[in-house]
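Here is how the chains run, residue by residue.
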Amino acid sequence: KDVEEANVFIGSLIFVQELAEKVVEVVEPNRDRLDACLVFPSMPEVMRMNKVGSFTMKNLGQSKSVIADFMKKKKQEDGSSFEEGMLKLLRTLPKVLKFLPSDKAADARTFMMSFQYWLGGSPENLESLLTMVGQDYSEPIKAAMVG
């Protein structure tokens, strides 16, 4: 019920199969309605639910996914873990953003900034994460900030 009433869903470190299946079962039907769905390092089926504006990871683990290709390549090159791959992606993405259409680049940048705030883990970083996502993607928060 909480997800049905939420504007934003945030999940992280969902690596137990039973939990991943339950999260997907609850969040997936609400994904398109949510203003943002942020899932940080988790099992691929949960990561596929990421959605920030036009940025999505729906194709994660499929041949068309640039992010998955990047992660696989890095793992093959240096044996890095998924988390290490995400951190390398954080460092590499700014160079790639200039080649994306501006709206997609802004949304991908928001996702990566959200991940950085999340990794910071301090109350100030979490507040910045929620403020950034709220003011850019959630109509009720946008309206409250203007008024």
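Quick note: structure is the one above.
Here the residue index of a chain counts from 1 through its sequence in written order. Given that this is a predicted model, residues contribute local features only at a pLDDT of at least 70 and side-chain atom pairs are listed and counted only at 80 or more, while totals for whole chains, interfaces and linings are drawn from all residues. With hydrogens and water set aside, each side-chain value is computed from the structure's full complement of heavy atoms.

Draft legend 1. Structural context of the sheet that holds strand β3 (residues 51–52). One bridge is not enough; two strands pair if DSSP finds at least two bridges between them. Counting from the N terminus, the helices are DSSP H or I runs at least four residues long and the strands are E runs at least two residues long. Spatially, the four strands line up as an open sheet ordered β1-β2-β3-β4, and their pairing is mixed. The open sheet terminates on both sides in strands that have one partner only, identified here as β1 (8–11) and β4 (55–56). With four bridges joining them, β1 and strand β2 (residues 36–39) adopt parallel strand pairing. In the sheet register, F9 faces β2, and the bridge partner there is C37.

Draft legend 2. Summary view of the environment of S128. Here S128 shows up in helix α7 (residues 123–137). Placed 15 residues apart in sequence, S128 and M113 show a C-alpha to C-alpha distance of 9.8 Å.

Draft legend 3. Looking closely at the nonpolar core. Within the largest apolar cluster, 28 residues are counted, with the highest numbers of intra-cluster contacts made by F9, V27 and F111. Listed by contribution, the elements that provide at least two residues to this core are α2 (17–27), β2, α3 (44–47), α6 (102–120) and α7. Contacts are residue-level and defined by heavy atoms, with any inter-residue pair within 4.5 Å sufficient. With residues near it in sequence (within four places) discarded, V27 still touches V3, F9, L34, C37 and M49. Residues grouped as a nonpolar core are buried Ala, Val, Leu, Ile, Met, Phe, Trp, Tyr and Cys residues, joined through side-chain atoms within 4.5 Å. The rule is simple: take the accessible area with a 1.4 Å probe, protein chains only, and divide by the maximum for that residue type; under 20% is buried, over 50% is exposed, in between is partly exposed.

Draft legend 4. Highlighting the pairing of β2. Burial along β2 is two-sided: A36 and L38 facing one way and C37 and V39 facing the other are all buried. We call a crossover right-handed when, viewed with the strands running away from us, the connection from the first strand over the helix to the second turns clockwise. Handedness of the β1-α2-β2 crossover: right-handed. Looking at chain direction, β2 and β3 are connected through two bridges and run antiparallel. For C37, the partnering residue across the bridge sits in β3 and is K51.

Draft legend 5. Structural context of the packing of α7 against helix α8 (residues 139–146). Put simply, α7 and α8 touch, their axes get as near as 6 Å, and they point 95 degrees apart. With respect to their mutual orientation, α7 and α8 come out roughly perpendicular. For the pair formed by α7 and α8, the contact residues are T131, G134, Q135, D136 and Y137 on the first element and E139, I141, K142 and M145 on the second. For this scheme, ten residues count as nonpolar: Ala, Val, Leu, Ile, Met, Phe, Trp, Tyr, Cys and Pro. Four count as charged, namely Asp, Glu, Lys and Arg, and the remainder, Gly too, count as polar. Class assignment of the residues belonging to the contact of α7 with α8 gives a composition of three nonpolar, three polar and three charged. Between N-to-C directions, angles cover 0 to 180 degrees, with each direction set by a line fitted to C-alpha atoms, over the stretch in contact for helices. Should an angle fall under 35 degrees it is called roughly parallel, over 145 degrees roughly antiparallel, and 65 to 115 degrees roughly perpendicular, with every other angle called oblique.

Draft legend 6. Region of the structure containing the packing of aromatic side chains. Stacked, edge-to-face and tilted are the three classes for Phe, Tyr and Trp ring pairs, Trp counted by its six-membered ring, which pair at centre distances within 6.5 Å; planes under 30 degrees apart are stacked, over 60 edge-to-face, the rest tilted. In this structure the tally under the stated criterion is four aromatic pairs. An angle of 35 degrees between the planes, with centres 5.5 Å apart, marks the rings of F40 and W118 as tilted. With F40 in the loop between β2 and α3 and W118 in helix α6, the pair connects residues that are 78 residues apart, well separated along the chain. Classification of F40 as buried rests on a relative accessible area of 0%. The exposure class assigned to W118 is partly exposed, which follows from its relative accessible area of 29%. Between the aromatic rings of F55 and F111, the centroid separation amounts to 5.0 Å while the plane-to-plane angle is 25 degrees, which identifies the pairing as stacked. Here F111 lies in helix α6 and F55 lies in strand β4, a separation of 56 residues in the sequence. Here F55 matches F111 in class, with each residue buried. Put simply, the rings of F40, F55, F111, F115 and W118 pair up and form one aromatic cluster.

Purely geometric stuff here, so don't read any function into it on its own.
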